[in-house]
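# A closer look at the structure
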Amino acid sequence: MITKIYDEIKKTIKENYKLIFVFFILMIVFSIRFPFYIEAPGGIIDINERISIENKTESVGTFNLAFVSEIKATVPTLVFSYFNKDWKVVREEEIIYENETYEDENYRSHLLLNEANNNAIIVAYTYANRDITISNEHLFVIYVDQQSETNLKIGDEILKIDGIKVIGKAQLEEIILRKNIGDTIPIVVKRNDKEIDCYGVLREVEGKKVIGVSLSKTSDIITNPKITFDFKKSESGPSGGFMMALSIYDALVEDDITRGKKIVGTGTIDTYGNIGSIGGVEYKIKGAVKENADVFLVPNGENYEAARKVVEDNNYDIQLIGVSNFEEALYKLTKITD
């Protein structure tokens, strides 16, 4: 019986060896990874599907986040990118820093999403004159310079520095200013729900005293009405903060600031309402046009100029609006044409 099965297998392989060979070659080709990523036009996300606010007011139109599609480079995708002008090949180090892993980059992006959500709530509730209580700043390490002398890691929450409990970013910066270049500063962090003793050696970079890490800041916030977020694990980064602030504000006020339009946009936002630039704006506006958006909001400056060039070069039928801060955005939304 076993001999018969073995003979059948040999016969099958002999009759189909070319097909089997091609199959294994294709498997290898499709699995080879290169140190590149491909950026391509993405799509949009209706923010109403990501936030929930008690007793929200309803609008006819929608506010939407724009995103860039990020594709891993393989032989087929690299070949396709050569013939597709909308696909751009970028080096892996442009996305993932030399001293980091992909997991580090992913963790940092999720921390930045939390910060963006935090800032959006503060701005929207403040401008809408709704109840908001802000307390207890939390500082998280989102980047560690490879030249720094420290054992801090991405995701660490700073609890104490030089024996002093950290209650805000400004206080941390004041403590560092009192120290000398070359000092080793003791730092207590929360890592994996445990308190860990760490350190950082103070050095000078461009005339500033630094340990060599970047931080993300969030706060404990209580709002009335209550708000919750429901983002997917694959969604991260700070570039949707501005549009989230608009959508939250729209849900808190009586006026429909969408004016019935499908509004897409991008840009970071800080707690003062300032709108910051982002990457990949060319792909984001192409994705917005593909989804039949009426309006595209974009940070003023290089982002606006890049978006304007795409609109003009492709003769897109979309209203492009450049903004620098939240108040300006609210004003310009009242001037949307039909």
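Here's a quick rundown of the structure. Numbering of residues starts from 1 in every chain and runs along the sequence as written. Under the rules for a predicted model, residues below a pLDDT of 70 receive no local features and side-chain atom pairs below 80 are neither given nor counted, while totals for whole chains, interfaces and linings still include all residues. Side-chain measures were taken over the full set of non-hydrogen atoms in the model, leaving aside hydrogen atoms and water.

Here a pair means two rings of Phe, Tyr or Trp (six-membered ring of Trp) with centres within 6.5 Å. Their orientation is stacked below 30 degrees between planes, edge-to-face above 60, and tilted elsewhere. Scanning the model with the defined rule gives three aromatic pairs in all. Ring centres of Tyr249 and Phe326 lie 5.8 Å apart, and the angle between their planes is 80°; on these two criteria the pair is classed as edge-to-face. Here Tyr249, found in helix 6 (residues 241–252), pairs with Phe326, found in helix 9 (residues 326–333); they are 77 residues apart in sequence, far enough to count as distant. Considered together, Tyr249 and Phe326 belong to a single accessibility category, that of buried residues. A network of ring pairs unites the aromatic residues Tyr127, Tyr249 and Phe326 as a single cluster. Secondary structure elements follow DSSP: runs of H or I no shorter than four residues count as helices, runs of E no shorter than two count as strands, and numbering proceeds from the N terminus. Exposure categories follow from relative accessible area, calculated using a 1.4 Å probe and restricted to protein chains: below 20% of the type maximum is buried, above 50% is exposed, and the middle band is partly exposed.

Residues Asn224 and Pro225 are joined by a peptide bond in cis, for which omega reads 5°. Residue placement: Pro225 occurs in the loop between strand 12 (213–224) and strand 13 (227–229). Even without a glycine there, the phi angle at Asn55 is positive, about 55°. Locating Asn55 in the fold gives a position in the loop between strand 2 (51–53) and strand 3 (62–72). In this structure Asn55 comes out as exposed when scored by relative accessible area, which is 77%. In the Ramachandran plot, Asn136 falls in the positive-phi region, its phi being about 50° despite a non-glycine side chain. Tracing the chain through its elements places Asn136 in strand 5 (residues 131–144).

To form a nonpolar core, buried Ala, Val, Leu, Ile, Met, Phe, Trp, Tyr and Cys residues must be joined to one another through side-chain atoms within 4.5 Å. By size, the foremost hydrophobic cluster in this structure holds 39 residues, and its most contacted members are Phe242, Met243, Leu246, Ile248 and Leu297. Within the residue set of this core, elements represented by two or more residues are strand 2, strand 3, helix 4 (102–127), helix 6, strand 17 (295–299), strand 18 (319–323) and helix 9. Considering each element in turn, this core owes the most residues, nine residues, to helix 6. Should any heavy atoms of two residues lie within 4.5 Å, those residues are counted as being in contact. For Leu297, the residues in contact, after removing those within four places along its chain, are Phe242, Met243, Leu246, Ile263, Val264, Gly265, Thr266, Ile321 and Leu333. Core analysis: the second largest hydrophobic core is formed by 17 residues, Ile175, Ile185, Leu202 and Leu215 among them.

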